[in-house]
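Structural overview for review
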Amino acid sequence: MPEIPELPDQIVRPDIDWFPSYKVYKDRVERLKALNVNRPTTLSAGWPPQVDTERAWSKADFKSEDEYLFHFSPEDIAEIEAGLDFFKRLPGGLGPDDVNQRTFPLPSLGSRLVKVSKTVHEGRGFVVLRGLNPDKYSSFDNILIYLGVTGYIAETRGLQDFDGRMLLHIQSVVEDVKQHGSMPNSPYVARAQPFHTDLCDVLALYALDVAAYGGECFLASSAKIYNEIAKTRPDVIHVLTKDDWPFDEFWHGQYHTRPLLYNFATHGPGFQFSRRPLTGAHFSPHHPAVPALTEEQAEALDMVYFLAREHAVEVRLRKGDLQVVNNFAMLHARSSFVDGPHARRHMLRLWLRCEERAWPTPSALEKVAWECYGDHEYRRNAIWDIERSPPELRIKHRRASCA
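Let me begin by describing the structure that accompanies this report. Keep in mind it's a predicted model, so treat the numbers as computed, not measured. Here, residues in each chain are numbered from 1, in the same order as that chain's written sequence. The model is predicted, so local features are restricted to residues of pLDDT at least 70 and side-chain atom pairs to those at 80 or more, both for listing and for counting; the totals for chains, interfaces and linings are taken over all residues. To obtain the side-chain values, all non-hydrogen atoms of the structure were included, while hydrogens and water were left out.

1. Some words on the overall build of the protein
What the protein contains, in helices and strands, is twelve helices and 17 strands. Our radius of gyration is a C-alpha quantity, and the globule rule it is checked against amounts to 2.2 Å times the number of residues to the power 0.38. A compact globule built from 403 residues should have a C-alpha radius of gyration of about 22 Å, and the protein, at 21 Å, falls within 12% of that. Across its three principal axes, the protein shows a C-alpha extent of roughly 70 × 50 × 40 Å. Think of it in three bands: residues with accessible area under 20% of the maximum for their type are buried, residues over 50% are exposed, and the middle band is partly exposed, with areas taken using a 1.4 Å probe on protein chains only. Buried positions account for 57% of the 403 residues belonging to the protein. Carbon and sulfur atoms make up 51% of the accessible area of the protein, which totals about 17700 Å². Asp and Glu count as negative and Lys and Arg as positive, but His and the ends of the chain are not part of the count. To locate a charge, take atom NZ for lysine, CZ for arginine, CG for aspartate or CD for glutamate. Here the protein contributes 48 positive and 55 negative side-chain charges, whose respective centroids are spaced 3 Å apart. By definition, any uninterrupted DSSP run of H or I lasting at least four residues is a helix, any uninterrupted run of E lasting at least two residues is a strand, and each is numbered from the N terminus. Calculation of accessible area relied on Shrake-Rupley with a 1.4 Å probe; when residues are assessed, cover is drawn exclusively from the protein chains displayed.

Listed below in structure tokens is the structure:
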């Protein structure tokens, strides 16, 4: 981690927002076009001219949501409930850490969930499993079911903060704002979130409830975004793959640098970044010690955003849906939402990895991967919040946020 430098008199940052302006972006494109006459016109060695796989899709490729839905049959639900009953009857007072394929058997459904895992890692990159009714189960049982099902898709669970939390409750926390006098980070408010990735291999969300209005999820193919940029602006690929992007850690001026775009061996290019550490936000401003983006980086970052917005598919999750996303193959975003008296958006988030099908970790992401999945004290002292994530976590934390 870089040492915190002496504070400069003033850092000049580019005109770029957490949610970008298209006009500002297009003006910057034209301005840089006039200035940069010697841009690279070819890609660096090892970077493909195009990614020609099933995960290189656009929204027009989906005729209906049935193309990415996996429907649980009544027999599947009965098998899940039998697996839950089997787990709860085991001796020894087992908890969430003990849920696995051996302790939560799904003798028929399990093999089909393995096919879901292949789709997530080797196919289109995402699946929505539909048919669970969370109202039938207690809060604890919903978590056990969630872990039992996803254990056949990606069995290793990742750490989501440095207190040891393995599960996050994604909810709006208006009351917490009133009590603490601070603005929570993005997962805990109703505002929209721009396109980003999380800090994991596989992202899972279980919809315990959905909002009265809004809260739609948008997924965009990283391969499609890469293909569009590589075809028309190979110089931007050079910018995205450099290791000089300053990521604000929002922790006493600390930051680190790394690329936004990575080459995942045989799987090809994929992104790993969130905008907020790069642009700051009105609710989360940069520390003065954190370096500014360059104008070329601002152009590249917004280019990725607007291409994601152009090609994204809108996913309307229903209560009980379980969404599983390849975090390296997708960027995701969320619209703002409004809760009602009987419809309050509540998502359970897991960060997962499938050891058999995991994409090889690029060297620049090894520290991130170790913090998430490594054998260290934070994961060994795992915390499972059953009802909700504590209010203080939503205000002051280093890792649990995204976007």
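Anyway, onward from the coordinates.
2. Thoughts on empty space enclosed by the protein
Grid points spaced at 1 Å over the protein atoms alone were grouped into cavities, where a 1.4 Å probe fits but cannot get out, and pockets, open sets with protein on both sides within 12 Å along at least five of seven lines, with lining residues defined by an atom within 4 Å of a point. Grid points are joined across faces, edges and corners, and a volume is the space filled by probe spheres set on the points. Per the counting criterion, the structure on display carries three cavities of 30 Å³ or more. Reported here for the second largest cavity is a volume of approximately 70 Å³. Around the second largest cavity, the lining residues are L199, C200, D201, Q272, F328, R353, T361, L365, V368, A369, C372 and Y373. Residue contributions to the lining of the second largest cavity peak at four residues, all from helix α10 (residues 366-373). The residue makeup of the lining of the second largest cavity, split by class, is eight nonpolar, two polar and two charged. Following the grouping adopted for this structure description, the nonpolar residues are Ala, Val, Leu, Ile, Met, Phe, Trp, Tyr, Cys and Pro, the charged ones are Asp, Glu, Lys and Arg, and the polar ones are all others, Gly among them.

3. What to know about the environment of S138
Relative to the elements of secondary structure, S138 occurs in the loop between β2 (126-130) and α4 (139-150). Classification of S138 as partly exposed rests on a relative accessible area of 37%. Along the chain, S138 and E387 lie 249 residues apart, while their C-alpha atoms are 9.8 Å from each other. Two N or O atoms count as a polar contact when they lie within 3.5 Å, although within protein this holds only if one can serve as hydrogen donor and the other as acceptor, and sequence-adjacent residues are included solely when both atoms are side-chain atoms. A polar contact of 3.1 Å, which involves the side chain of S138, links it to the backbone nitrogen of D141.

4. Overview of the side chain of R157
By the element assignment, R157 lies in strand β3 (residues 156-157). When a carboxyl oxygen of Asp or Glu lies within 4 Å of a side-chain nitrogen of Lys or Arg, that pair is called a salt bridge. Within the buried set, R157 has no salt-bridge partner at all; the shortest N-O distance to an opposite charge, 5.6 Å, is to D97. A polar contact of 3.4 Å, which involves the side chain of R157, links it to the backbone oxygen of P96. In this structure the side chain of R157 is engaged in a polar contact, spanning 3.5 Å, whose partner is the backbone oxygen of L147. In this view, R157 contacts P96, D97, V99, L147, M166, W351, L352, C372, Y373, R379 and W384; residues no more than four positions away in its chain are not counted. Only heavy atoms enter the contact rule, under which two residues are in contact if any of them lie within 4.5 Å.

5. Side note on the nonpolar core
The nonpolar core is taken to be a set of buried Ala, Val, Leu, Ile, Met, Phe, Trp, Tyr and Cys residues, with the residues joined through side-chain atoms within 4.5 Å. Among the nonpolar cores identified, the biggest contains 40 residues, and F72, I80, L113 and L129 are the most heavily contacted of them. For this core, the secondary-structure elements that each account for two or more residues are α2 (74-89), α3 (109-122), β2, α4, β6 (202-209), β14 (322-326) and β17 (346-353). The biggest single contributor to this core is α4, with six residues. Once you skip the residues sitting within four places of it in the chain, I80 turns out to touch F72, F104, L106, L109, L132, I145 and V149. Ranked by size, the runner-up nonpolar core spans 36 residues in total, among them L261, A298, F306 and A312.

6. Some thoughts on unusual backbone geometry
Even without being a glycine, F250 presents a positive backbone phi close to 50°. Summarising the element assignment, F250 is placed in the loop between β9 (245-248) and β10 (255-258). Judged by relative accessible area, F250 falls into the partly exposed class, the value being 23%. Even without glycine at this site, H252 takes up a positive phi of about 55°. By the element assignment, H252 lies in the loop between β9 and β10.

7. Observations concerning the pairing of β10
By definition, two strands form a pair when at least two bridges between them are found by DSSP. Of the strand pairs in this sheet, β9 and β10 are connected by four bridges, and their pairing is antiparallel. Opposite P246, over in β10, you have T257 as the bridge partner. Between β9 and the antiparallel strand that follows it, β10, lie six residues; F250 among them carries a positive phi value of about 50°.

8. Considering the pattern of salt bridges
By the definition in use, this model includes 29 salt bridges. Linking K23 and D27 is a salt bridge whose minimum nitrogen-to-oxygen distance equals 2.8 Å. Pair noted here: K23 and D27 are both in helix α1 (residues 22-35), with a separation of four residues, about one helical turn. Notably, a salt bridge pairs R28 with E295, separated by 2.7 Å at the nearest N-O pair. Taken together, the residues R28 in helix α1 and E295 in helix α9 (residues 295-311) connect sequence positions 267 residues apart. Because the salt bridges share partners, they merge into one network encompassing R39, R233, D235 and E299.

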